[in-house]
Amino acid sequence: MTLLRDHDLAHAFDHASHTYDRLTALNPGYHTGLRRSALRLRLPRGGRGLRVLDLGCGTGASTRALARALPYARITAVDASGGMLERARAKRWPPGVRFLHRSAEELAAEGEGPYDAVFAAYLFRNVSDPDSVLGSVRGLLRPGGRLLVHEYSLSGSPVHRAVWNSVCRGVIVPAGSLTGDRGLYLHLWRSVLAFDTAPEFAGRVSRAGFPFVRTVPVAGWQTGIVHTFLARTEA
């Protein structure tokens, strides 16, 4: 099972950036799930006076969810794909949103932060060393800071694995093939199968220095396939 990593994955996302929004729009509940996850951060006062990092922002769907849930927060949105960032920057944003072409490790090395919260949607199964990225995120957060991960992470049930395989074979990979991005959507399929189950990822987050972790399944057809992991550091 060959997965795309690092430069190859960023290049695949660059190529897919022009059609990515149209394909995600075909996924029932995609944007609703992101908005619900952003609200689960439960930051006070609409984020007034707070700094939030959107890690792996893609074309800005997660950034939009954060901006709506936290209209007064200062949001820094970062991604490793220049093509995806170009699409994100071309959209209209409130003045408190900025975009950077960075990785979590680069942000930490540059002394960015501290952030009050980090939001990471569909990121961790795409990185070659999730423990290293979690460590960088931990260093970017203030004491008591919150981490919310919205990710394809199977429940461990054979039923949910079978649903994912069927959707990929029948919908996701054929749709990606029509846009010339078959490799990326094969990666999506395989990366979910290779990634942690939800209980495994919750344990990984806890071991990275987040002792308080809550796992919530996303509603709709993705129940048991996509989960929200809400964690925080010790104050």
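Everything below is about the structure shown above.
As the structure is a prediction and not an experimental result, all values here were calculated from the model.

J.: Explanation requested: the packing of helix H7 (residues 158-178) against helix H8 (residues 182-194) in the structure shown.
T.: A pair of packed helices is characterised by two quantities: the angle between their axes and the separation of those axes. As a packed pair, H7 and H8 sit with axes 8 Å apart at the nearest point and diverge in direction by 170°. What the angle tells us is that H7 and H8 run roughly antiparallel. Contacts between H7 and H8 involve Arg-161, Trp-164, Asn-165, Cys-168, Arg-169, Ile-172, Val-173, Gly-176 and Ser-177 from the first element and Arg-182, Tyr-185, Leu-186, Leu-188, Trp-189, Val-192 and Leu-193 from the second.

J.: I would appreciate a short explanation of the sheet that holds strand S4 (residues 115-121) in the present structure.
T.: Pairing between the strands of a sheet is mediated by backbone hydrogen bonds and can be parallel or antiparallel. Taken in spatial order, the seven strands line up as S3-S2-S1-S4-S5-S7-S6 in an open sheet, and their pairing is mixed. Looking at strand neighbours, the two that pair on one side only are strand S3 (97-100) and strand S6 (212-217), the edges of this open sheet. With strand direction ignored, the average angle separating the axes of adjacent strands in the sheet is 15°. Alignment of strand S1 (residues 51-55) against strand S2 (residues 74-78), held across five bridges, turns out to be parallel.

J.: Would you mind going over H7 with me for this structure?
T.: Note that an α-helix has 3.6 residues per turn; residues three or four places apart therefore point the same way. The terminal C-alpha atoms of H7, which comprises 21 residues, lie 29 Å apart, in line with the 30 Å expected from a rise of 1.5 Å per residue. The largest bend in H7 is about 50°, located at Cys-168. If you check which residues of H7 are buried, you get Trp-164, Asn-165, Cys-168, Ile-172, Val-173 and Gly-176. Those residues of H7 hidden inside the fold are in contact with helix H1 (6-25), strand S5 (141-152) and H8. The N-cap residue of H7 is Ser-157: its side-chain oxygen and the backbone nitrogen of Val-159 are 3.1 Å apart.

J.: Mind showing me how you'd approach the packing of H1 against helix H4 (residues 82-89) here?
T.: The geometry of H1 relative to H4 is characterised by a closest axis approach of 6 Å and an angle of 30° between their N-to-C directions. Between H1 and H4, the interaxial angle falls into the category roughly parallel. For the pair H1 and H4, contact is made by Phe-13, Asp-14, Ser-17, His-18 and Tyr-20 and by Gly-82, Gly-83, Met-84 and Arg-87, respectively. Here the contact of H1 with H4 is built from residues that sort into three nonpolar, four polar and two charged.

J.: What's the story with the pairing of S5 in this structure? I'm lost.
T.: Walk down a regular strand and you will see the side chains alternate between the two sheet faces. Among the 12 residues that make up S5, nine are buried, leaving the element largely enclosed by the rest of the structure. The sheet contact formed by S4 and S5 spans six bridges and is parallel. The residue of S5 that forms the bridge with Phe-119 is Leu-148. The handedness of the S4 to S5 crossover, carried by helix H6 (residues 130-140), is right-handed. As judged from the seven bridges shared by S5 and strand S7 (residues 226-232), these two strands associate in the antiparallel manner. Of the residues in S7, the one forming a bridge with Leu-147 is Ala-231.

J.: Quick question: what am I supposed to make of the packing of aromatic side chains here?
T.: Any two aromatic rings considered together are summarised by their centre-to-centre distance and by the angle between their planes. Within this structure, the stated rule accounts for eight aromatic pairs. On the basis of an interplanar angle of 50° and a centroid distance of 5.6 Å, the ring pair of Phe-124 and Phe-201 is categorised as tilted. Of the two residues, Phe-124 sits in the loop between S4 and H6 while Phe-201 sits in helix H9 (residues 198-207), which places them 77 residues apart along the sequence. Of the two residues, Phe-124 and Phe-201, neither departs from the other in class, the shared state being buried. Seen from their ring centres, Tyr-152 and Trp-164 are 5.0 Å apart, and the 45° between their planes marks the pair as tilted. Here Trp-164 lies in helix H7 and Tyr-152 lies in strand S5, a separation of 12 residues in the sequence. Each member of the pair, Tyr-152 as well as Trp-164, carries the same accessibility label: buried.

Procedures and definitions
Residues numbered from 1 in each chain as written. Predicted model: local features only at pLDDT ≥ 70, side-chain atom pairs only at ≥ 80, totals over all residues. Heavy atoms only, no water. Axes fitted to C-alpha atoms, helices over the stretch in contact; angles between N-to-C directions. Helix = DSSP H or I, 4+ residues; strand = E, 2+ residues; numbered from the N terminus. Parallel < 35°, antiparallel > 145°, perpendicular 65-115°, else oblique. Contact = heavy atoms within 4.5 Å. Pairing = 2+ DSSP bridges. Expected span 1.5 Å × (residues − 1). Bend = angle between axes of the 7 residues up to and from the residue. Buried < 20%, exposed > 50% of the residue type's maximum accessible area, 1.4 Å probe, protein only. Polar contact = N/O pair within 3.5 Å; in protein donor to acceptor, adjacent residues only side chain to side chain. Nonpolar A, V, L, I, M, F, W, Y, C, P; charged D, E, K, R; others polar. Right-handed = clockwise from strand over helix to strand, strands pointing away. Phe/Tyr/Trp six-rings, centres within 6.5 Å; stacked < 30°, edge-to-face > 60°.

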